[in-house]
Amino acid sequence: MDKTRPDTASCVADIPDGATILVGGFGGAGMPHELIDALIARAPRDLTIVSNNAGNGTAGLAALLAAGLVRKVVCSFPRQADSHVFDGLYRSGKLELELVPQGNLVERLRAGGSGIGAFFTPTGYGTPLAEGKETRVIDGRGYVLEYPIKGDFALIKARQGDRWGNLVFRKTARNFGPVMATAAKVTVAQVEEIVPLGSLDPEVIVTPGAFVSRVVAVGTGGAR
């Protein structure tokens, strides 16, 4: 079994128009820039992107948005000091936004990967984020019913991987990668290096290969 791919283009070649794509990263940490660049070159349209933020500067997710390929963004932090690409598209009505508190975002992804049908959370109760959603008072506290998030594809970044798709991450670059890997039909991981099978300590493997479909080595360039 060999899940390695020769280049990033082959990793995203079958992503169709209208796909929902989970994209790892917290700011620049753990952002799969090379896979995003390959996706821009592939140019599927009407995408739904699920990520922690909506891009900053002109690279990564910001470049994907600027290319006009995204219909909707589901994220926690859409606006930053340099999120001008998102701002322009959203204010002009060219981009739909679903704002999700960060804890809810992670839990909805975890639910998607765990087969959980829905869950109640206190986060967002009594705010505009709960409008139109089922609510319930449990033990005197208000809760909101939230549903899982699942992706057609997940694009994540890890430090090392082997040909079976086992992954280890570098510190905070781990962020959303592991939970997104479980919630997607197809998970693509870019890694700094692909190591021989058996060289990764099983005790430090964060994402087992069972959750990874494709692995590509891109080296150590760019944000980590």
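The following refers to the structure shown. (Residues numbered from 1 in each chain as written. Predicted model: local features only at pLDDT ≥ 70, side-chain atom pairs only at ≥ 80, totals over all residues. Heavy atoms only, no water.)

**Brief notes about the sheet that holds strand E7 (residues 141-146)**
Worth spelling out the cut-off: We call two strands paired when DSSP finds no fewer than two bridges between them. Only DSSP runs of H or I covering at least 4 residues are called helices, and only runs of E covering at least 2 are called strands; the numbering of each starts at the N terminus. What counts as an axis is a line fitted to C-alpha atoms, over the stretch in contact for a helix, and the angles between N-to-C directions run from 0 to 180 degrees. Between two residues, a contact is recorded if the distance between any of their heavy atoms is within 4.5 Å.
The strand order across the open sheet built from three strands is E5-E7-E6, with neighbouring strands paired in antiparallel fashion. A single partner strand is all that each edge strand has here, and the edge strands are strand E5 (119-121) and strand E6 (135-138). The average angle at which neighbouring strand axes cross in this sheet is 40°, direction not considered. Summarising the sheet, E5 and E7 pair through three bridges and their orientation is antiparallel. Of the residues in E7, the one forming a bridge with Phe 119 is Glu 146. The sheet strands contacting helix H5 (residues 102-114) are E5 and E7, and the helix crosses E5 at an angle near 170°.

**Quick word on the pattern of salt bridges**
Rules: Basic side-chain nitrogens of Lys or Arg form a salt bridge, by our definition, when they fall within 4 Å of a carboxyl oxygen of Asp or Glu. Each residue is assigned to one of three classes by its accessible area relative to the maximum for its type, calculated with a 1.4 Å probe on protein chains only: buried under 20%, partly exposed between the two thresholds, exposed over 50%.
Taken as a whole and judged by the stated rule, the model has nine salt bridges. The closest approach of N and O atoms between Glu 146 and Lys 133, which form a salt bridge, is 3.0 Å. On the criterion of sequence distance, the pair formed by Glu 146 in strand E7 and Lys 133 in the loop between E5 and E6 is long-range, its members being 13 residues apart. Residue class for Glu 146 comes out buried when judged on its relative accessible area of 5%. For Lys 133, a relative accessible area of 32% gives the class partly exposed. The salt bridge partner of Lys 185 is Asp 152, with a shortest N-O separation of 3.6 Å. A residue pair is termed long-range when its members are at least 10 positions apart, and Lys 185 in strand E10 (residues 184-194) and Asp 152 in strand E8 (residues 151-161) qualify at 33 residues. Lys 185 sits in the exposed class, given a relative accessible area of 67%. Members of the salt-bridge network, linked through shared partners, are Arg 71, Lys 72, Glu 96, Glu 98 and Arg 108.

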